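Now for the letters of each chain:
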Amino acid sequence: MAVTTTTHLNFRGTAREALDFYGSVFGGRTVAVTYKDAGAVQNEDEADRVMWGEVAGDNGFHVMAYDVPSHLPWNQGENPFFVSVRGDDAEEISALWGRLAEGSTVARPLEPAQWAPLYGMLTDRFGVTWVLDVTAPYNG
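Here, residues in each chain are numbered from 1, in the same order as that chain's written sequence. Side-chain atom pairs in this predicted model are given and counted only at pLDDT of 80 or more, local residue features only at pLDDT of at least 70, and totals for whole chains, interfaces and linings cover all residues. In computing side-chain values, all of the structure's heavy atoms are included and hydrogens and water are not.

Visitor: Please explain a negative patch on the surface as it appears in this structure.
Guide: Patches here: salt-bridge-free residues with over 30% relative accessible area, like charges joined within 9 Å, nonpolar side chains (Val, Leu, Ile, Met, Phe, Trp, Tyr) joined within 5 Å. All accessible-area figures derive from a Shrake-Rupley calculation using a 1.4 Å probe, and residue coverage is judged against the displayed protein chains alone. Throughout this description, the term salt bridge denotes a Lys or Arg side-chain nitrogen within 4 Å of a carboxyl oxygen of Asp or Glu. We count Lys and Arg on the positive side and Asp and Glu on the negative side, and we leave His and both chain ends out. A charge is said to be at NZ when it belongs to Lys, at CZ for Arg, at CG for Asp and at CD for Glu. A cluster of acidic residues, Asp-88, Asp-89, Glu-91 and Glu-92, forms a negative patch at the surface. By definition, any uninterrupted DSSP run of H or I lasting at least four residues is a helix, any uninterrupted run of E lasting at least two residues is a strand, and each is numbered from the N terminus. With respect to the helices and strands, Glu-91 occurs in helix α2 (residues 90-100).

Visitor: Just to check I follow, could you spell out the nonpolar core for this structure?
Guide: The nonpolar side chains of soluble globular proteins are, as a tendency, buried together. Note on terminology: a nonpolar core comprises buried Ala, Val, Leu, Ile, Met, Phe, Trp, Tyr and Cys residues joined through side-chain atoms within 4.5 Å. Each residue's exposure class comes from its accessible area (1.4 Å probe, protein chains only) as a fraction of the maximum for that residue type: buried when under 20%, exposed when over 50%, partly exposed otherwise. Counting residues in each nonpolar core, the largest one holds 28 residues, and the members touching the most others are Leu-9, Phe-11, Tyr-22, Phe-26, Leu-100, Trp-130 and Leu-132. When contributions to this core are tallied by element, the ones reaching two or more residues are β1 (7-11), α1 (15-26), β3 (50-56), β4 (62-67), β5 (82-87), α2, β7 (116-123) and β8 (129-134). Examining the composition of this core, we find that 7 residues originate from one element, α1, more than from any other. Note on contacts: a residue pair qualifies if any of its non-hydrogen atoms lie within 4.5 Å across the two residues. Setting aside anything within four residues of it in sequence, one finds Trp-130 in contact with Tyr-22, Phe-26, Phe-61, Val-83, Val-85, Leu-100, Gly-120, Met-121, Leu-122 and Asp-124. One finds Ala-113, Ala-116, Tyr-119 and Val-131 within the second-largest nonpolar core, a separate group that totals 5 residues.

Visitor: In this structure, what is going on with the sheet that holds β4? I would like to understand it.
Guide: Within a sheet, adjacent strands bond to each other through the backbone by hydrogen bonds, running parallel or antiparallel. Strand order in this open sheet of 4 strands is β1-β4-β3-β2, and the pairing throughout is mixed. Two strands close off the open sheet at either side, each with one partner strand: β1 and β2 (29-34). In this sheet, adjacent strand axes meet at a mean angle of 15° when their direction is disregarded. Pairs of strands are assigned from DSSP output, requiring at least two bridges between the strands. Across 4 bridges, β3 lies against β4 in antiparallel orientation. The partner of Glu-54 across the bridge, within β4, is Met-64. Axis lines are fitted to C-alpha atoms, over the contacting stretch for helices. Their N-to-C directions set the angle, which ranges from 0 to 180 degrees.

This is the structure:
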């Protein structure tokens, strides 16, 4: 049996916009099911928000997201998680960085680091912190 992990992002009203953005950066198929689509509307103002959504690409990229309904508590938090994107092609990682960086706050520019040929960290316009790096063999 194979097991995979997928980052699941929680938003309050911006899940569709975030999924569309991540799809434009990484490529892949975006699926978004609204509360109305699922027959699970508890607040008419939230009927068109995302109850379940994902972007899945042939390149292995996969992220899920939904809009936390107003009857549930939600706090984006300070640093609850980072999404890590690793690859062995510096050109591909640099291209992803360039697209993801639009409207972001860069914590560390994408540049060589002691532990990786390229490493960078940014927080995108949705408040999600991303770490992108080019993998290097571990010689520990």
